[in-house]
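# Report on the structure
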Amino acid sequence: MEIIEAKALELHRDYCDGKVSMVEIVDAYLKQIDAREGEINAFITLMAEEAKEAAALLDQKREKSPEKLGALAGVVLSIKDNIAVKGVKMTCASRMLEDFVPPYEATIIEKLLAEDAIIIGKVNMDEFAMGGSTRTSYFGTTFNPLDTQRVSGGSSGGSAASVAAHFCTASIGTDTGGSVRQPAAFCGVVGVKPTFGSISRYGVNSMANTFDQVGVLAQDVADAHYILKVLAGADERDATAVGNEGLQGPLEERALSGLKIAIPQLFETFPMEAAIKKGIEEVVDKLTAQGATVDLVPFDYLDKAVAMYHIIVNGELAPNMSRFDGVRFGHRSEHQDSLEELYAHSRAEGFGDEVKRRIMIGTHIMSMDHAKDYYVKALELRHSLQGELERVFEDYDLILSPTSPNFPFLAEEELSPVTVYVGDTFTVPVNLAGTCAISIPHATESLPMGIQLVGQRFKDHELLSVARGLEELL
Amino acid sequence: MKIEQIKHIANIAKIHFEEEELEKFAGYFNETMDLLDSLQEVSSQEEALLHVNELDNHFHEDIPVEGLSQEEATANAPTEKYGYIEIIRFVD
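Residues numbered from 1 in each chain as written. Chains lettered and ligands numbered in written order. Predicted model: local features only at pLDDT ≥ 70, side-chain atom pairs only at ≥ 80, totals over all residues. Heavy atoms only, no water.

Right, let's get into the layout of surface pockets. All names here are of chain A. In this structure, the largest pocket spans a volume of roughly 520 Å³. Along its surface, the largest pocket is lined by 30 residues, and Ser133, Thr136, Glu354, Arg357 and Val420 are the ones closest to its centre. Taken as a whole, the second largest pocket holds about 380 Å³ of empty space. Considering the residues around the second largest pocket, the lining is formed by 18 residues, among which Phe100, Pro103, Tyr104, Arg323 and Phe329 are closest to the centre. Its residues placed into classes, the lining of the second largest pocket shows 11 nonpolar, 4 polar and 3 charged. (1 Å grid on protein atoms, 1.4 Å probe; cavity = no way out; pocket = protein on both sides within 12 Å on 5 of 7 lines; lining within 4 Å. Points joined across faces, edges and corners; volume = space filled by probe spheres on them. Nonpolar A, V, L, I, M, F, W, Y, C, P; charged D, E, K, R; others polar.)

Structure follows, in structure tokens:
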């Protein structure tokens, strides 16, 4: 098998067995990047030289003390550009941070490097992770490797494209409302958003603090799980990172017979592409043939999730974005007649339209006159939604839906922001409730679609075990 | 939403907009607020949920540790002077 098509577990095994060198692995990916990056635009910062140097060092380590090789020796990763890799530009795909170089390492990068992963570059995303296509990136759109007329999805579009195009073995992204799962669905790869709090966010740019979670995009479920095991864990530098013991054990052989799966009733009426609907029906048929029970289940709050999400997320992100003032770091405008002007022009020039829109909405709904009607109300309904999901999980093991109701759209297609927001209907409830979910690819007559499975909080292991079973079935 | 109201929000959010940009924003604003207003019809029976997980406080001894050096702390500032972040003069 070609190196670039190998899975993380295979590369790790072959590398440890001495069948291939790290320099060879990195060279194979760089060759592929050289061949296809021009039409895809996955990277903001390609770290070719750093990766080659790290590879040579790892080969020396294998020579001298093979028993000390880490769990990710042999594995090459791309990293979403909102995660700090010390000494390497971290732009968040914004003009605001075009030249920003973090002076420290994110906790997860420390963990990955300690396990001998090689980082091949920082990948594109929607600006500050706000969007679902990478079209809001200051560095241009990342095109879908499966059809380069189409978007790769977002916000972790560079991550998904880099895995699908075989530029790396797997990628680390972040998911605030579907930003790992939706691009994974669009590019035909696996994307996992673990339970909120599983993974440290120290060194990850904050968008919405009670939603953001690091996730993994990989070629299959076993690879994603293998990398998540390295990432998970409490961190004294992030008070919300409580770890997740459920991710640590090996994946189990989980029989699909006897499983109880809920499909939100909304699936029947929600506007979606016919092939997506058909794809879900095929999966349901396969699951029931295996002896699983699949029921349509009513939810009272699911169709309100996108509105709740945009109120709370924009309410959280507007104050987070106030740190970008043109003073201590980031873009500074030449308009400097007053400090007030310096702030307002630096932000006007540094941020793109979608970021400005979200800050403006967040500022509006968090103002003294409106906070109770919007923000507090949405938090109350968030509680109802979480309770509703928990009640469904009393009777069902998992919730099944399409990841996205649409296939990746054409890069030139004009869509209103609200149309794009509503496309997140099946992914945002997961972040609102803090549960775990995975998108696994399913072939259709045209592009692959994403099948989303949602699991209970801190039962990621169960979710991934079933997902692996379903992956084999599809 | 009227242009004057949007200007007021922009002023609080500290983002400068040109007049023609504001026109475009008004349309977006109204479309998005319609979406967000759809929650007003739903009655809520629960208390506000501030954190999805139960979080305990973890305390540690307050021991000083080495932070960023002055050079590292100012490395990303647009301009630096005498080891400090330089900004414009804003008092007479």
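What follows covers empty space enclosed by the protein. Rolled over the atoms, a probe as big as a water molecule pinpoints where empty space is left. All names here are of chain A. For the structure on display, the rule yields 3 cavities of 30 Å³ or more. Around the largest cavity sit Pro264, Phe299, Leu302, Leu389, Ile399, Ser401, Thr425, Phe426, Pro429, Val430, Gln452 and Val454, which together line it. Looking at the lining of the largest cavity, the elements that each hand over two or more residues are strand S13 (398-402), helix H15 (428-433) and strand S15 (449-455). Residues that form the lining of the largest cavity fall into these classes: 9 nonpolar, 3 polar and no charged. Looking at the second largest cavity, its volume works out to about 40 Å³. The wall of the second largest cavity is formed by Ala185, Phe186, Ile276, Ser404, Asn406, Phe407, Pro408, Pro448, Met449 and Gly450. Within the residue set of the lining of the second largest cavity, elements represented by two or more residues are helix H6 (181-187) and S15. Its residues assigned to classes, the lining of the second largest cavity comprises 7 nonpolar, 3 polar and no charged. (Helix = DSSP H or I, 4+ residues; strand = E, 2+ residues; numbered from the N terminus.)

With that out of the way, let us pick up the pattern of salt bridges. All names here are of chain A. Per the stated rule, a full pass over the model turns up 23 salt bridges over all chains. Here Lys52 ties to Glu49 by a salt bridge, and the two come within 3.7 Å at their closest N and O atoms. Of this pair, Lys52 and Glu49 both sit in helix H3 (residues 48-64), 3 residues apart, which is roughly one turn of that helix. Judged by relative accessible area, which is 36%, Lys52 ranks as partly exposed. When salt bridges with common partners are traced through the structure, they connect Glu110, Asp235 and Arg237 into a single cluster. (Salt bridge = Lys/Arg side-chain N within 4 Å of Asp/Glu carboxyl O. Buried < 20%, exposed > 50% of the residue type's maximum accessible area, 1.4 Å probe, protein only.)

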